[in-house]
Amino acid sequence: MSKAATAGAYRHRRILNAELAVLYILAGLGLGLTVPRIRRGPDLPAQQVIGVLTTIGLGVLGLVAVIFSLGILVGRWAASNYSPRLTQFRDTPILRQTFAFALGVTVFCISAAFTIGPRARVSMAVLITAIVLLVLMAGLLRTLQVTVATSIQLSPVLSSIAARGRNLLDAAYPDDAGTTASPAAPLPAPCTTVTWPNPTTVLQRIQVDRLVCAAQAANAVIVLRAAPGITLQCGCPWPTSTDSSPPR
């Protein structure tokens, strides 16, 4: 991908993030101006509701700093341990959704507090709406926490890199993406299973040429059950040798 295309994609992503934040802010402002005007149902003392709204609004606003801190710390950790080009967590949708939702909750609490004004009592719907938004905010923060824990682990990062690599290859070679390979011939029943006899280790590479020579010499088919990067335990099955000689 060229530098111009990368810069264009980054600008497009920034525009989407700004639009999402503006959308949540407008939604919070609309709720803050509408919900306090409800006159039906049970009501509560206005000053107590204003105090709760102010506390929630300022508390959620402090979460914005936490979200920025998570983005910066995880981004720097991934850059120092893997690659400075590894930006999966920075580009994840849950990060910008949590940030935009926090802004919307803050705007709702502040605008609702100002809309109540000097009234003596206000509908309980204001407090219920604030609690529902707070619960949703807690759910988003929990999802963000799980995403952070996943982004600093090696296995999910490698899986994400492999998935992105396959997507890039499919985009670079669209003609080969739709082709399907011919079905493989059915294999005979396995007759020998080889287990790993040594202590626990990580499979780093497979000497394919030696396996091919061994299969040709024994007139057999060798089926590999482990790929490079997998931890091999002592006694676990590794390749399976299947006799491919014609029946007699």
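Now for a look at the structure at hand.

1. Examining the pattern of salt bridges
Tallying each qualifying case throughout the model produces one salt bridge. Here R121 ties to D43 by a salt bridge, and the two come within 3.2 Å at their closest N and O atoms. One end of the pair, R121, is in strand β2 (residues 121-123); the other, D43, is in strand β1 (residues 43-45), with 78 residues separating them in the sequence. Here R121 falls in the partly exposed class, since its relative accessible area comes to 42%.

2. Structural notes on the environment of V64
Counting through the fold element by element, V64 comes out in helix α2 (residues 46-81). For V64, a relative accessible area of 10% translates into the label buried. The spatial distance from the C-alpha of V64 to the C-alpha of A102 is 6.8 Å, given a sequence separation of 38 residues. When residues no more than four places from it in sequence are discounted, the contact partners of V64 are F99, A102 and L103.

3. A short note on the environment of L31
Turning to its location among the elements, L31 is positioned in helix α1 (residues 3-34). Here the alpha-carbon distance between L31 and A112, two residues 81 residues apart in the chain, equals 7.7 Å. Not counting chain neighbours up to four residues away, the residues in contact with L31 comprise P36 and F108.

Rules used throughout
- Residues numbered from 1 in each chain as written.
- Predicted model: local features only at pLDDT ≥ 70, side-chain atom pairs only at ≥ 80, totals over all residues.
- Heavy atoms only, no water.
- Salt bridge = Lys/Arg side-chain N within 4 Å of Asp/Glu carboxyl O.
- Helix = DSSP H or I, 4+ residues; strand = E, 2+ residues; numbered from the N terminus.
- Buried < 20%, exposed > 50% of the residue type's maximum accessible area, 1.4 Å probe, protein only.
- Contact = heavy atoms within 4.5 Å.

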